[in-house]
Amino acid sequence: LAGERTPHNNVRASGSFIGLRHEHDRAALAYAVMEGVTLGLMDGASSLQSGQGTQTDWALVGGGAQSDVWAQMLASGFVRPMVRYSSAHAAGALGAARLAWLADGGNEADVCAVRGAAHRFEPVAAESAHLQERFSRFVGLYPAVVDQFV
C-alpha cells in the first residue's frame, strides 16, 4: 500500500485484488491480503537468492509474527522452518539493545545467544505446492499492471 521496494523499486505500486468474485467473503479477502504479502516477500527474497545463506530456520518478528496462520503460510511459502520467539513483538528494540551491549564490550556469544523459542512452524507440502503455483501467477502480474500505477 506504500509502494514496492524489492525487487521492483516502484513507490507507485499498490495492492490490488485480482479475480475478485461474488463468492469471496471477508475471510477470503483477509486471506488474500496475507497471501499477497507472503508472495511479495517471496518475490523480494527470490531477488536476493544468493544472499539467503545457509540458515535453515528463519525468525519471525513484529506484529504479523503473532499470527499462527500467517506464520504457517510463510513457512510453507518459503519452504523452510519459521521460528517465532517469545520476544518477537519487541525484536527491533531487543536488536538495538544487543548492538549497544556489543558496543559496550559484551561477549558476542552471550549477546547473540538464541533465547526463548515459543513456536516452530514447518512447511506443509500441500500448502507449499499451492503457494508455489500462486507465486508463479503473482510474479507475472506486476509486468501486466505496472502501467496502471499512477
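Positions within a chain are numbered from 1, following the residues in the order the chain's sequence is written. Per-residue local features of the predicted model are confined to residues with pLDDT of at least 70, and side-chain atom pairs are confined, for both listing and counting, to 80 or more; whole-chain, interface and lining totals are unaffected and use all residues. Excluded from the side-chain calculations are hydrogens and water; all other atoms, namely the structure's heavy atoms, are used.

### Brief notes about the packing of helix 1 (residues 26-47) against helix 2 (residues 68-78)
- Helix axes are fitted to C-alpha atoms over the stretch in contact, other axes to C-alpha atoms as well, and angles between N-to-C directions run from 0 to 180 degrees. By definition, any uninterrupted DSSP run of H or I lasting at least four residues is a helix, any uninterrupted run of E lasting at least two residues is a strand, and each is numbered from the N terminus. Where helix 1 contacts helix 2, the two axes come as close as 10 Å, and the packing angle between them is 40°. In this structure, helix 1 meets helix 2 at a crossing whose hand is right-handed. Across from Tyr 31, Met 34, Glu 35, Val 37, Thr 38, Leu 41, Met 42 and Ala 45 in helix 1, the residues of helix 2 making contact are Val 69, Trp 70, Met 73, Leu 74, Gly 77 and Phe 78.
- Residues are sorted three ways: Asp, Glu, Lys and Arg are charged, Ala, Val, Leu, Ile, Met, Phe, Trp, Tyr, Cys and Pro are nonpolar, and all the rest, Gly among them, are polar. Residues belonging to the contact of helix 1 with helix 2 are distributed by class as follows: 11 nonpolar, 2 polar and 1 charged. Each crossing gets its handedness from the near helix: less than a right angle anticlockwise from the far helix is left-handed, clockwise is right-handed. Note on definitions: a residue-residue contact is assigned when non-hydrogen atoms from the two residues lie within 4.5 Å.

### Some thoughts on helix 3 (residues 91-103)
- In this model, helix 3 (13 residues) spans 18 Å end to end at C-alpha, consistent with the 18 Å of a helix rising 1.5 Å per residue.
- Trailing helix 3 by a residue or two, Gly 105 shows a phi angle of about 100°, which is positive. In this scheme, a helix's expected span is set at 1.5 Å multiplied by one less than its residue total.

### Considering the nonpolar core
- Judged by nonpolar contacts, the single largest core of 18 residues is most densely connected at Leu 60, Leu 74, Phe 78, Met 82 and Phe 121.
- Among the elements of the structure, helix 1, strand 1 (58-60), helix 2 and helix 5 (125-145) are those that each provide at least two residues to this core.
- The element contributing the most residues to this core is helix 2, with 6 residues. Working definition of a nonpolar core: buried Ala, Val, Leu, Ile, Met, Phe, Trp, Tyr and Cys residues. They are joined through side-chain atoms within 4.5 Å. Categorising residues by exposure relies on relative accessible area from a 1.4 Å probe, with only protein chains included: less than 20% of the type maximum marks a residue as buried, more than 50% marks it as exposed, and the intermediate range marks it as partly exposed.

### A few points about unusual backbone geometry
- Of note, the phi angle at Asn 9 is positive, near 50°, even though the residue is not glycine.
- Looking at the secondary structure, you find Asn 9 in the segment before helix 1.
- Exposure remark for Asn 9: the relative accessible area of 61% places this residue in the exposed category.
- Positive phi outside glycine occurs at Val 79, with the angle close to 50°.
- When you line up the elements, Val 79 lands in the loop between helix 2 and strand 2 (82-85).
- For Val 79, a relative accessible area of 49% translates into the label partly exposed.

### Points about the pattern of salt bridges
- For this analysis, a salt bridge means a side-chain nitrogen from Lys or Arg found within 4 Å of a carboxyl oxygen belonging to Asp or Glu. Evaluated as defined, the whole model comprises 5 salt bridges.
- The partner of Asp 57 in a salt bridge is Arg 120, and the shortest N-O contact between them spans 2.5 Å. Of this pair, Asp 57 sits in the loop between helix 1 and strand 1 while Arg 120 sits in strand 3 (residues 117-121), placing them 63 residues apart in sequence.
- When its relative accessible area of 41% is taken as the criterion, Arg 120 is described as partly exposed.
- For Glu 122, the salt bridge identified is with Arg 120, shortest N-O distance 2.5 Å.
- Beyond isolated ion pairs, a larger network of salt bridges with shared partners links Asp 57, Arg 120 and Glu 122.

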